[in-house]
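# Analysis of the macromolecular model
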Amino acid sequence: MKTTSRHLFDIQCVCRKLVVQAVKPSARNETPIKNHTNQASKLAIWLLATNPVRGWIIFRWIVIWLFFTLKLLWSVIWLVAQLFSPIDLADDSGEDTELYNTGYYKPYARGFQGQLWAARSSMEYSSRVVEEGEVDIPTHTLYPRLLVIRDKTKNEWVHCTDRDTIIRTRFIAISYRAVDAFTRGPDEEKEKAVFTEEVRTAVLGQGFDAYWLDSECIGETPAEKNRDLYCMADVYRGAEVTLIMLGKAGSVEKNRENECWRGWGERVWTLPEALLSARLCYKFRDREEVKQLSLHDLANLAYTNRDIEQAIVNAYSGKDPLERLERLTLLKSAIWRRGTAALPIVSDPIPPPKLDLIDEKPVTYGGAYKAERVYALMGFFEHRIQPTRAEDDLRALVRLSMANDNDRIAERMVAMLPSTITPSACWYADDDIYRANLWDILPEIQVAGVTENGALVLDGCRAAAIRWKDFPEVAFGTTDSLRRTIIGFVPYLSWPCLIVGLGVLMYTRPGGLALIIVGVVLLVLSPRLFVFSQSGRIVTAQPWFIGVKGVISIAEVEKHLYGGARGHFPRMYFTPSGSLFSIPEQGSERGGSLKQYENAKFVESGPGTGHMYTLIDTYSSTMYYFRALRAPTVCIFAGREGGLGRFVLCSERCDINELHKESVLRMPTEISQKMELCGWVALG
């Protein structure tokens, strides 16, 4: 379905239809490229760049030269009028017709105005329904709510919920795969009973009188299930040993050992169960022997993504410690590949998650939690979240990130550019096209909460509006030069010389003719003098983000911004490493190669998702080519990485009060100081 792009008109704070200037306009809301550059500068540069003796162009050259001289005359008249009677021609229409020179980018005026589904602060209202029995419990101080303990006097197994007894009891935790224990159907209960007896026999064989098995120890009520899921990590931390019950390996001729190990290793909960255990042992159901197992051996037997899982195992075995965030990121990647009761096993590459909107009603999925992967992951975090059936992976991940603020996982994801940006919850990222890791990014924003739509509500954003309708007149300053200042004043003396000469001619012919000749000479030379006065290196310019649909060259941008560029100093540069289309120079000085234009033109003519756009930053005098589905109207400074800032380009959805990530550019960090802080924004 085709959607109409809209943007916030920030002066009147209302949404209007977005008008986009394009190299080749094709849609109804697209317009040819226009500019408000100083007319005198454009005319003077054209006069110098055009050879007047080439054919019939001499007549056009003379007309434009006359028009340029009239512009000089108008400037003189305006100056005299202002000296004697100042005139205020302020425009209250809201259009950017006057020279905008505040030293800051155009601010983004609109903020998030809705309610949060889950908030970081307990002082904020949250629409999330708190389920019965949901209470805050200290992390890493928990014991199982229930254990199965053998009563030696009666020689029977009993379910024990007495906390004092549980604390003092050594027990075995059982790790298994449901399909290896029973099959759904009429014989399910019978098969469960057989499996339970096998477990009890193995437990007794290891010299223990207590065990924890989820099919027996997870409660029946929602409150009990949530509590047991919350404590799952501590069950395996607190167990003396974890027994892995594998399926039937079969005979020597039909050995299924590898198949059993692979099947067990592909389930989401078996990874934290193994990594959090003090000791491991395993047993096949059709064999009596129970064998000891190391984490290193487990990785070789059960895990298929060797690079990631071997690094995790080495970290937990103490061989190759990882930084906390790197370890958690690898764990998330490994768990996300595994299957749950609600979600299938995922192969590489991991597809972006789909946000399911839930109206606070229990979601069954065969009794499974939709956010089961997050609940399996949270056992590795310092602070956990209370499980609930009324949320999916993405919203649970945001809550987990907010609970563990030091890691700031969601904030780091905002600054990443994934290979696929999801239509909803666009903040989520499993990878980064710039090949940065999650721990490489230093976020500059904070997540205040998540909405019911799955949008992140961000605080502390420095944001600026992107101008699409045309090129504005840009206030700028060049290097100080007394010679250029004097020469720049000379063209404005041409008309006063002519007018005074005509007046003096009535009294003294030689003096009048001399002034008239001086005035005519100055008029003839005025284009060259005018251009020279503005030919210095630009050292400061009014910050603007200007967008163009399509690929535009540096020369065209210089013409639309400053009338052009003459002399030794270019006025715009390509980014050396700020976008996917960047090509760095390989000389002694850092810079962007001019080959970027031809490369971007070639890419634009080929297949690809979305459209090619050009972003011009006047403050750093840098151009960026990027691809996006829609024209972004807001630029948000999200963080830093690799010596540059991460700036998120977003389109607007005024109907739902949300922004949508279209692309991410790597721009100089210092330009963020020219972006004003804005209120909460929702990125969804």
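Here goes a summary of the coordinates provided.

Conventions used here
Residues numbered from 1 in each chain as written. Predicted model: local features only at pLDDT ≥ 70, side-chain atom pairs only at ≥ 80, totals over all residues. Heavy atoms only, no water. Helix = DSSP H or I, 4+ residues; strand = E, 2+ residues; numbered from the N terminus. Buried < 20%, exposed > 50% of the residue type's maximum accessible area, 1.4 Å probe, protein only. Contact = heavy atoms within 4.5 Å. Pairing = 2+ DSSP bridges. Polar contact = N/O pair within 3.5 Å; in protein donor to acceptor, adjacent residues only side chain to side chain. Phe/Tyr/Trp six-rings, centres within 6.5 Å; stacked < 30°, edge-to-face > 60°. Core = buried A, V, L, I, M, F, W, Y, C linked by side-chain atoms within 4.5 Å. Disulfide = S-S within 2.5 Å. Axes fitted to C-alpha atoms, helices over the stretch in contact; angles between N-to-C directions. Parallel < 35°, antiparallel > 145°, perpendicular 65-115°, else oblique. Left-handed = near helix turned anticlockwise from the far one by under 90°. Nonpolar A, V, L, I, M, F, W, Y, C, P; charged D, E, K, R; others polar. Salt bridge = Lys/Arg side-chain N within 4 Å of Asp/Glu carboxyl O.

## As for the overall build of the protein
Along its length, the protein carries 21 helices and 26 strands. Buried residues in the protein amount to 51% of all 684 residues. Intrachain contacts of the protein at a sequence separation of at least 6 include 67% that bridge at least 24 residues.

## Observations concerning the pairing of strand 22 (residues 622-628)
When you tally the buried positions in strand 22, you get 6 out of 7 residues, the bulk of the element. In terms of strand pairing, strand 20 (residues 573-574) meets strand 22 through 2 bridges, oriented parallel. Residue pairing in the sheet places Tyr573 in a bridge with Thr622 of strand 22. Linking strand 21 (residues 611-617) to strand 22, which pair antiparallel, is a turn of 4 residues; within it Ser621 sits at a positive phi near 55°.

## Remarks on the side chain of Ser582
If you trace the backbone, Ser582 turns up in the loop between strand 20 and helix 21 (595-605). Only 3.1 Å separates the side chain of Ser582 from the backbone nitrogen of Gly578, close enough to count as a polar contact. Only 2.8 Å separates the side chain of Ser582 from the backbone nitrogen of Ser579, close enough to count as a polar contact. Dropping the residues within four chain positions of it, Ser582 is found in contact with Thr575, Pro576, Ser577 and Gln596.

## With respect to the packing of aromatic side chains
Taken as a whole and judged by the stated rule, the model has 16 aromatic pairs. Centroid distance Tyr316 to Phe380: 5.8 Å. Interplanar angle 70°. Geometry classified as edge-to-face. Here Phe380 lies in the loop between helix 14 (372-377) and helix 15 (393-403) and Tyr316 lies in helix 12 (residues 306-317), a separation of 64 residues in the sequence. Under the relative-accessibility criterion, Tyr316 is labelled partly exposed at 26%. Of the aromatic side chains, those joined through ring pairs into one cluster are Trp261, Trp264, Tyr282 and Phe284.

## Here we look at the nonpolar core
Within soluble globular proteins, side chains that are nonpolar generally end up buried alongside one another. Counting 140 residues, the largest nonpolar core has Trp261, Leu298, Trp427 and Phe545 as the members making the most contacts within it. Per element, the largest residue contribution to this core is 7 residues, and it comes from helix 13 (residues 324-336). Those residues within four positions of Trp427 in sequence are excluded, and the remaining contacts are Leu394, Val398, Met413, Val414, Gly454, Leu456, Lys661 and Leu683. Counting 22 residues, the second-largest nonpolar core is a separate cluster that includes Ile538, Trp544, Met572 and Ile616.

## Some points on the state of the cysteines
Put plainly, two cysteines are in a disulfide when a covalent bond ties their sulfur atoms together. Tallied over the entire structure, the rule returns 0 disulfides. In this model Cys426 remains outside any disulfide bridge; the closest cysteine sulfur is found in Cys650, 6.6 Å from its own.

## A few points about the sheet that holds strand 6 (residues 147-151)
The strand order across the open sheet formed by 7 strands is 7-6-9-8-10-11-12, and the pairing between neighbours is mixed. Every interior strand has two partners, whereas the edge strands, strand 7 (156-160) and strand 12 (291-293), have only one. In this sheet, adjacent strand axes meet at a mean angle of 30° when their direction is disregarded. In this structure, strand 6 lies alongside strand 9 (residues 210-212), joined through 2 bridges in antiparallel fashion. By the bridge assignment, Val148 is partnered in strand 9 with Tyr211. Of the strands in this sheet, strand 10 (241-246), strand 11 (280-284) and strand 12 touch helix 11 (residues 295-302), which is tilted by about 95° from strand 12.

## Some words on the packing of helix 18 (residues 494-505) against helix 19 (residues 509-533)
Packing of helix 18 against helix 19 brings their axes to within 7 Å, and their N-to-C directions diverge by 160°. Of the possible angle classes, the one that applies to helix 18 and helix 19 is roughly antiparallel. Of the two possible hands of crossing, helix 18 and helix 19 adopt the one that is left-handed. From helix 18, Ser494, Trp495, Cys497, Leu498, Val500, Gly501, Leu502, Val504 and Leu505 reach across to helix 19, where they touch Arg509, Gly511, Gly512, Leu513, Leu515, Ile516, Val518, Gly519, Val520, Leu522 and Leu523. Class assignment of the residues belonging to the contact of helix 18 with helix 19 gives a composition of 14 nonpolar, 5 polar and 1 charged.

## Describing the packing of helix 9 (residues 257-265) against helix 11
The interhelical angle for the contact between helix 9 and helix 11, taken along N-to-C directions, is 100°, at an axis separation of 8 Å. The pairing of helix 9 with helix 11 is recorded here as roughly perpendicular in orientation. Between helix 9 and helix 11, the contacting residues are Trp261, Arg262, Trp264 and Gly265 on the first element and Leu298, Asn300, Leu301 and Ala302 on the second. Partitioned by chemical class, the residues of the contact of helix 9 with helix 11 number 5 nonpolar, 2 polar and 1 charged.

## Points about the pattern of salt bridges
Enumeration according to the criterion identifies 32 salt bridges in this entry. Two residues, Glu197 and Arg200, come together in a salt bridge whose shortest N-O distance is 3.5 Å. Here Glu197 pairs with Arg200, and both are found in helix 5 (residues 188-205), just 3 residues apart, close to one helical turn. A relative accessible area of 45% means that Glu197 is categorised as partly exposed. For Asp407, the salt bridge goes to Arg324, with nearest N and O atoms at 2.9 Å. Residue Asp407 is located in the loop between helix 15 and helix 16 (409-414), and its partner Arg324 is located in helix 13; the two are separated by 83 residues in the primary sequence. On the accessibility criterion, Asp407 (4% relative accessible area) is buried. The class of Arg324 is partly exposed, set by a relative accessible area of 30%. Beyond isolated ion pairs, a larger network of salt bridges with shared partners links Asp432, Glu641, Arg646 and Arg666.

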